[in-house]
Amino acid sequence: RRREAPLPPIYAITPTYSRPAQKAELTRLANTLRQVSRLHWILVEDAAARSELVSRFVARAGLSCTHLHVPTPRRYKRPGLPRATEQRNAGLAWLRQRHRHLPPAQPGVLFFADDDNTYSLELFHEMRTTRKVSVWPVGLVGGRRYERPVVENGKVVGWYTGWRADRPFAIDMAGFAVSLQVILSHPKAVFKRRGSQPGMQESDFLKQITTVEELEPKANNCTKVLVWHTRTEKVNLANEPKYRLDTVNIEV
Amino acid sequence: YVYSRPPPWSDTLPTIFVITPTYTRPVQKAELTRLANTFLHVQNLHWVVVEDSPRRTNLVSNLLEKAGLNFTHLNVETPKSLKLGLSWIPSHTPRGTLQRNLGLHWLRDSFSNTSPPEGVVYFADDDNTYSLELFEEMRYTRRVSVWPVAFVGGLRYESPKVSPAGKVVGWKTVFDPNRPFAIDMAGFAISIKLILEKPQASFKLEGVKGGYQETSLLKDLVTMDGLEPKAANCTKVLVWHTRTERPTLVNEGKRGFTDPRVEV
């Protein structure tokens, strides 16, 4: 497929953290992202320093990638508290820093791609034409087969969701994309910790940058599921010895 | 609209036939999607998808048509008696046996033993994770090749034990390492030639102890010292036995809340 004008770049901000399945998750996510033209991956580790595993992975991934890291403060690592806040914000900060000497009217779209979700290639096609903020359904979330924005006459008028439909933006992190221009022209818009209730991360972020009326519905007026909130089972390591017994040190 | 195409087919590269059993459940489309996204990178890959189903479903048919891959779409339903009878531990009921055998049957039907195509067969479950490097390791298998698999047998990985001379001499597993082939389904590939040479070799359906499914096929194809170790003499992990959580659909209620016409 050849186009006259260059495609607007897509920036995928992926927070990631160390656990046995990490390399597997990054591998299959990278296999998807590598199929997408002009995609730049912003991978942010929840860590005090870049890990060897992720560094090696990035070097061989064959993707345009920026490798960042920022540790989550201990006091925020409690069940029920929002996760990956600092990492997503680090991704936003990098984008803002990179464009700081340029006018805000930059082509490009960013979205938040958690490392265990599943993305169809069609989703990237849909989000690339985002002018401000676009939205679409998300599969397997909110205790339902899918959640989605309700669309009438091409405009979002409500939320079809299994949990707290009264939120200003009752949408999952995987259900929206933001144009780079909007991020650059709202330099203070970040994911919040203070005063942010659980489950309100997306809503608190989006209300800083857009209104429901402005939202652009994608995926056939939000009737197709192009992304799934899959979660990977915790790996069973019951047979691992307490101390490493193998003669070689193999990365998994 | 096809969003991506695999690399152009080559007449000189051996073909990788990937047999994937699959069954209907909420995460099925997601699993097949991310699998397809991986396979799109691999040259000369032919995906044989076998549904555990009385009929080929629209969901899988449409997905395969739009994926852009070379594929064959089959189906065979596992009888309920088999599904329940094989193990009293539901999570250990060996799934996919009939489906894998149908895949082998299709290969034997499609290609003649007298002029077998260059290539391998690999059994790829739809929830595992595969690196691209794995496919290049298996492509030139002469008989049966083997490599480590992550997250099986309660370990970070299980692996064949390889001697300094490069021969498989045993199995580095905690669970029953004395099995003739103490290896996971994702840890080996078989040359097409061998599959066609031994038309009786297939997965045994009944009376198979937990962990012996792979042995039930491999014992009729090869002996341990005939195995070809890959992945740097089995020191690299190129495939992970990931499992996907069952999504909690509590808010669907008894009769379903969401529109069933919206495919998930």
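None of these values were measured; they are calculated from a predicted model. (Residues numbered from 1 in each chain as written. Chains lettered and ligands numbered in written order. Predicted model: local features only at pLDDT ≥ 70, side-chain atom pairs only at ≥ 80, totals over all residues. Heavy atoms only, no water.)

Chemist: Would you mind going over the overall build of chain B with me for this structure?
Modeler: Across its full length, chain B holds eight helices and 12 strands. Compactness check: chain B gives a C-alpha radius of gyration of 19 Å against a globular reference of 18 Å for 264 residues, within 12% of the reference. The principal-axis extents of the C-alpha atoms in chain B amount to approximately 60 × 45 × 35 Å. Among the 264 residues that make up chain B, the fraction classed as buried is 56%. Taking as baseline every contact in chain B between residues at least 6 positions apart, the subset at least 24 positions apart corresponds to 75%. (Helix = DSSP H or I, 4+ residues; strand = E, 2+ residues; numbered from the N terminus. Rg over C-alpha atoms; globule rule 2.2 N^0.38 Å. Buried < 20%, exposed > 50% of the residue type's maximum accessible area, 1.4 Å probe, protein only. Contact = heavy atoms within 4.5 Å.)

Chemist: Would you explain the overall build of chain A in this entry?
Modeler: On a plain count of helices and strands, chain A comes out with seven helices and 12 strands. Here the C-alpha radius of gyration of chain A, 19 Å, is about what a compact globule of 252 residues would show, namely 18 Å. Seen through its principal axes, chain A has C-alpha atoms that stretch 65 × 40 × 35 Å. Split into buried and exposed, the 252 residues of chain A put 57% on the buried side. A total of about 11900 Å² of accessible surface is found on chain A, and carbon and sulfur atoms cover 50% of it. Both charge centroids of chain A, one from 40 positive and one from 24 negative side chains, sit 4 Å from each other. (Areas by Shrake-Rupley, 256 points an atom, 1.4 Å probe, with all protein chains shown as cover. Lys, Arg positive; Asp, Glu negative; His and termini not counted. Charge placed at Lys NZ, Arg CZ, Asp CG, Glu CD.)

Chemist: Would you mind going over the UniProt feature "binding site: UDP-alpha-D-glucuronate" (unreviewed entry) in chain A with me for this structure?
Modeler: All names here are of chain A. Following the UniProt record, one finds the feature "binding site: UDP-alpha-D-glucuronate" (unreviewed entry) at Pro 15, Thr 16, Tyr 17, Asp 46, Arg 83, Arg 88, Asp 114, Asp 115, Asp 116, His 229, Thr 230 and Arg 231. Its place among the elements puts Asp 46 in the loop between β2 (39–45) and α2 (52–60). For Asp 46, the contacting residues outside a window of four places in its chain are Thr 16, Tyr 17, Val 70, Pro 71, Thr 72, Lys 77 and Gln 87. Secondary-structure assignment places Asp 115 in the loop between β4 (109–112) and β5 (118–119). Of the residues examined, Asp 115 reaches a relative accessible area of 5% and is grouped as buried. What Asp 115 contacts, discounting residues up to four positions off in sequence, is Thr 14, Pro 15, Thr 16, Tyr 17, Arg 19, Glu 25, Leu 26 and Leu 29. Engagement of the side chain of Asp 115 in a polar contact is seen with the side chain of Thr 16, the distance being 2.8 Å. (UniProt positions renumbered as here; feature names shortened; annotations may be inferred. Polar contact = N/O pair within 3.5 Å; in protein donor to acceptor, adjacent residues only side chain to side chain.)

Chemist: Looking at this model, I keep getting lost on the interface of chain B and chain A. Mind explaining?
Modeler: How big an interface is tends to be expressed through the accessible area that disappears when the partners come together. Every contact between the two is made by 51 residues of chain B and, on the other side, 47 residues of chain A. Of the roughly 4700 Å² buried between chain B and chain A, counting both surfaces, carbon and sulfur atoms make up 54%. Its largest share of buried area at the contact with chain A, chain B owes to Tyr 3, Arg 34 and Arg 156 of chain B, together 16% of the area lost on that side. The tally of links from chain B across to chain A stands at four salt bridges. By residue number, the principal contributor to the side of chain B that touches chain A is helix α1 (residues 28–39) of chain B, which donates six residues. Grouping the constituent residues of the side of chain B that touches chain A by class yields 23 nonpolar, 16 polar and 12 charged. (Buried area = accessible area lost by both parts, 1.4 Å probe. Salt bridge = Lys/Arg side-chain N within 4 Å of Asp/Glu carboxyl O. Nonpolar A, V, L, I, M, F, W, Y, C, P; charged D, E, K, R; others polar.)

Chemist: Even after reading the chapter, I still don't get unusual backbone geometry, so can you show me in this structure?
Modeler: Leave glycine aside and you will find that most residues have negative phi; peptide bonds, for their part, are mostly trans. Residues and elements named next belong to chain A. Of note, the phi angle at Leu 140 is positive, near 60°, even though the residue is not glycine. In this fold, Leu 140 is placed in strand β7 (residues 138–141). Leu 140 gets classed as buried once you look at its relative accessible area, which sits at 7%.

Chemist: Could you clarify how one ought to interpret the pattern of salt bridges in this entry?
Modeler: Pairing is possible between side chains that carry opposite charge, provided their charged atoms lie close to one another. Evaluation of the coordinates by the stated rule reveals 21 salt bridges over all chains. Note that Glu 25 of chain A is salt-bridged to Arg 28 of chain A, the shortest N-O span being 3.1 Å. Of the two residues, Glu 25 of chain A and Arg 28 of chain A both sit in helix α1 (residues 22–33), three residues apart, roughly one turn of that helix. A relative accessible area of 2% places Glu 25 of chain A in the buried class. With relative accessibility at 6%, the residue Arg 28 of chain A sits in the buried group. A salt bridge links Lys 219 of chain B to Asp 220 of chain B; the nearest nitrogen and oxygen atoms lie 3.4 Å apart.

Chemist: What is the right way to look at the sheet that holds strand β6 (residues 144–146) of chain B in this model?
Modeler: Hydrogen bonds between backbone atoms are what pair the strands of a sheet, whose relative direction is either parallel or antiparallel. Residues and elements named next belong to chain B. Taken in spatial order, the seven strands of this open sheet run β3-β2-β1-β4-β10-β6-β11, and their pairing is mixed. Looking at which strands have only one partner, the edges of the open sheet turn out to be β3 (70–75) and β11 (227–229). In this sheet, adjacent strand axes meet at a mean angle of 25° when their direction is disregarded. Where β6 meets β11, three bridges bridge the pair, whose relative direction is parallel. Within β11, the position partnered with Ser 145 by the bridge is Glu 228. Across the sheet, α1 lies against β1 (15–22) and β2 (45–51), angled at about 165° from β2, the strand it touches most. Contacting β2 and β3, helix α2 (residues 58–67) runs over the sheet at an angle of about 170° to β3. (Pairing = 2+ DSSP bridges. Axes fitted to C-alpha atoms, helices over the stretch in contact; angles between N-to-C directions.)

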